[in-house]
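Letter by letter, the chains look like this.
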Amino acid sequence: MADLGFLLLIFFIVTTVFAIEQGIPLVLPGRAHAITRLKPADVFEIRAHADGTVEAGGQRIGAAAVHALVEARLARDPDTVVVLATAPDASYGVMVQVLDQIKLARCRRISLRTLE
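Throughout what follows, the structure given in this document is the object of discussion. (Residues numbered from 1 in each chain as written. Predicted model: local features only at pLDDT ≥ 70, side-chain atom pairs only at ≥ 80, totals over all residues. Heavy atoms only, no water.)

### What about the side chain of Arg73?
Within the fold, Arg73 resides in helix α2 (residues 66–76). Despite its burial, Arg73 pairs with no opposite charge; the closest candidate is Asp77, at 5.4 Å N-O. Within the local environment of Arg73, its side chain forms a polar contact with the backbone oxygen of Ala41, the two atoms lying 2.6 Å apart. Setting aside residues no more than four positions away along its own chain, Arg73 makes contact with Ala41, Asp42, Val43, Phe44 and Thr80. (Helix = DSSP H or I, 4+ residues; strand = E, 2+ residues; numbered from the N terminus. Buried < 20%, exposed > 50% of the residue type's maximum accessible area, 1.4 Å probe, protein only. Lys, Arg positive; Asp, Glu negative; His and termini not counted. Salt bridge = Lys/Arg side-chain N within 4 Å of Asp/Glu carboxyl O. Polar contact = N/O pair within 3.5 Å; in protein donor to acceptor, adjacent residues only side chain to side chain. Contact = heavy atoms within 4.5 Å.)

Now the structure itself:
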């Protein structure tokens, strides 16, 4: 009887499907890429603060408004680089929500950094 229980235990352990944790799909530059210098006019910075507020262009906005702002900026200048600067003690959810809005605007040039 103990052998049967042991075999059932092994069977269920072997056939169990474990959840695979998925991260944020980003294509990161390799070491072969050179440093790119940008003009300040080509950079659009969005800041995610520790209190959950989002700031873009010097004004506080909601995370849902990021999509429209980035889309409008890309319509004017398709070479715009969007910089998402997040406070070190900010909620991870706020950063992901803003990053999702940037990606929904079809922005392909995104830079992530931490606020000082």
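Picking up where we left off.
### Side note on the nonpolar core
With 19 residues, the main nonpolar core has Ile46, Val54, Val66, Val70, Val98 and Ile102 as its most contacted residues. Taken together, the elements giving at least two residues each to this core come down to β1 (43–48), β2 (54–56), α2, β4 (81–86) and α3 (92–104). Here this core takes five residues from α3, the largest share from any one element. Once residues within four sequence positions are removed from consideration, Ile102 is found in contact with Ile46, Val66, Val70, Val82, Leu84, Cys107 and Ile110. (Core = buried A, V, L, I, M, F, W, Y, C linked by side-chain atoms within 4.5 Å.)

### Digging into the sheet that holds strand β3 (residues 59–61)
Whether parallel or antiparallel, the strands of a sheet pair through hydrogen bonds between backbone atoms. Spatially, β3-β2-β1-β4-β5 is the arrangement adopted by the five strands of the open sheet, whose pairing is mixed. Both edges of this open sheet fall to β3 and β5 (110–114), since each of them pairs with a single strand only. Sheet twist, expressed as the average angle between the axes of neighbouring strands with direction ignored, equals 30°. Here β2 pairs with β3 via three bridges, running antiparallel. Each residue of the ladder has a partner; that of Ala56, found in β3, is Gln59. Sitting on the sheet, α3 is in contact with β1, β2, β4 and β5, with an inclination near 170° to β4. (Pairing = 2+ DSSP bridges. Axes fitted to C-alpha atoms, helices over the stretch in contact; angles between N-to-C directions.)

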